[in-house]
Amino acid sequence: PLVEKPLIEMTLRATAGKIDQAAFQERSAIIDAHFQCAAIFQIGDFVLSSGDKSSFKIDCDALTQADLRALALMISKLVGSFSSVEGVPGGGLLLAEALRLHQAADLNNPHLIVDDVLTTGSSLERAKVFRFGFGRHEGKVIGAVVFARGRCPWWVKSLFQMPEALWVKQEVGK
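What counts and what doesn't
Residues numbered from 1 in each chain as written. Predicted model: local features only at pLDDT ≥ 70, side-chain atom pairs only at ≥ 80, totals over all residues. Heavy atoms only, no water. Helix = DSSP H or I, 4+ residues; strand = E, 2+ residues; numbered from the N terminus. Buried < 20%, exposed > 50% of the residue type's maximum accessible area, 1.4 Å probe, protein only. Contact = heavy atoms within 4.5 Å. Areas by Shrake-Rupley, 256 points an atom, 1.4 Å probe, with all protein chains shown as cover. Phe/Tyr/Trp six-rings, centres within 6.5 Å; stacked < 30°, edge-to-face > 60°. Expected span 1.5 Å × (residues − 1). Arc of directions from axis to C-beta. Pairing = 2+ DSSP bridges. Axes fitted to C-alpha atoms, helices over the stretch in contact; angles between N-to-C directions. Core = buried A, V, L, I, M, F, W, Y, C linked by side-chain atoms within 4.5 Å. pLDDT = per-residue confidence, 0-100. Salt bridge = Lys/Arg side-chain N within 4 Å of Asp/Glu carboxyl O.

Check the secondary structure of the chain and you find six helices and six strands. The secondary structure elements of the chain, listed N-terminal to C-terminal, are α-α-β-β-α-β-α-β-α-β-β-α. Expressed as a percentage of its 174 residues, the buried residues of the chain come to 40%. Taking as baseline every contact in the chain between residues at least 6 positions apart, the subset at least 24 positions apart corresponds to 56%. Counting only carbon and sulfur atoms, one obtains 58% of the accessible surface of the chain, whose full area is about 10,500 Å².

For the rest of this paragraph, the subject is the packing of aromatic side chains. Within the structure shown, the criterion is met by two aromatic pairs. On the basis of an interplanar angle of 80° and a centroid distance of 5.7 Å, the ring pair of F41 and F147 is categorised as edge-to-face. With F41 in strand 1 (residues 41-47) and F147 in strand 5 (residues 141-148), this residue pair connects regions lying 106 residues apart in the sequence. Owing to a relative accessible area of 54%, F41 belongs among the exposed residues under this scheme.

All right, on to the environment of N109 then. Note that N109 resides in the loop between helix 4 (91-99) and strand 4 (111-118). Exposure remark for N109: the relative accessible area of 19% places this residue in the buried category. Taking the C-alpha atoms as reference, N109 lies 7.7 Å from G139; in sequence the two are 30 residues apart.

On to helix 3 (residues 65-79), then. The terminal C-alpha atoms of helix 3 lie 21 Å apart, and with 15 residues this matches the ideal 21 Å at 1.5 Å per residue to within 8%. Within helix 3, burial applies to L68, L71, A72, I75, S76 and V79. Axial view of helix 3: buried residues confined to an arc of 140°, hence all on one face. Residues of helix 3 that are buried sit in contact with helix 4, strand 4, strand 5 and strand 6 (156-161).

Spatial ordering of the open sheet is given by 3-4-5-6, a layout of four strands whose pairing is parallel. The sheet is open, and its two borders are formed by strand 3 (84-87) and strand 6, each paired with just one other strand. Each neighbouring strand pair of the sheet contributes to a mean axis angle of 20°, computed without reference to strand direction. With four bridges connecting them, strand 3 and strand 4 associate as parallel partners. From the neighbouring strand, G87 faces strand 4, where its bridge partner is V114. Taken strand by strand, helix 3 contacts strand 4, strand 5 and strand 6, and its axis lies near 130° from that of strand 6. Packed onto the sheet, helix 4 meets strand 3, strand 4 and strand 5 and runs at close to 135° relative to strand 4.

Generally speaking, a soluble globular protein has its nonpolar side chains buried in company with each other. Counting residues in each nonpolar core, the largest one holds 24 residues, and the members touching the most others are I75, L95, L99, L112 and V114. At the level of secondary structure, the elements contributing two or more residues to this core comprise strand 2 (53-58), helix 3, helix 4, strand 4 and strand 5. If sequence neighbours within four positions are ignored, I75 has contacts with L95, L99, L112, A144, V146 and L159. If you look at the next biggest cluster of nonpolar residues, it comprises eleven residues, including L124, C152, W155 and V156.

With that settled, consider the confidence of the model for the chain. For the chain, per-residue confidence averages 82 on the pLDDT scale, and 74% of positions sit at 70 or higher. Note on residues 170-174: pLDDT is under 50 here. Beyond four places in sequence and across chains, it has eight contacts.

This part covers the pattern of salt bridges. This model, assessed by the stated rule, comprises three salt bridges. Taking the shortest distance from any N to any O, the salt bridge between E86 and R131 comes out at 2.6 Å. Placement of E86 in strand 3 and of R131 in helix 5 (residues 122-132) is noted, with a sequence separation of 45 residues between them. A relative accessible area of 48% means that R131 is categorised as partly exposed. A salt bridge links E125 to K128; its shortest N-O distance comes to 3.7 Å. On the criterion of helical spacing, the pair formed by E125 and K128 is a turn pair, its members being three residues apart in helix 5.

If you want it as structure tokens, here you go:
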């Protein structure tokens, strides 16, 4: 969030005398709900986009535009030059948009496919097959993710790799 919660609460208290108690409570509830949803790392019972169940979730929807710009810069340094970029629907779309500032004009560079969180890699694989068909396509495509919760396919690099003990496949049945 661009504005810290204590600042918002202080502003609400200052205006509390100017609005009725019900409106004050409603605004407080909205702010609390926003900050509860704005956690990147969450604990609970989740079904991930891969269909796997997990006791924790990495929710990149909580990232700010400044976070996305910084991650885009890091990814561009990690993968090197790329001529075009696409994001996996969902978490990869905003990341791809931030990465467009870093794409090279040289069309001989590979195409970049990005996502926020990788669990099994199947979303990235589907995007690659959709664009290029089956096969390795070395030199034509590279992939990148912010967080990897599992093993990345050979063509995908991650900024942050979770230890194997925390991979989703280790949690199934727990």
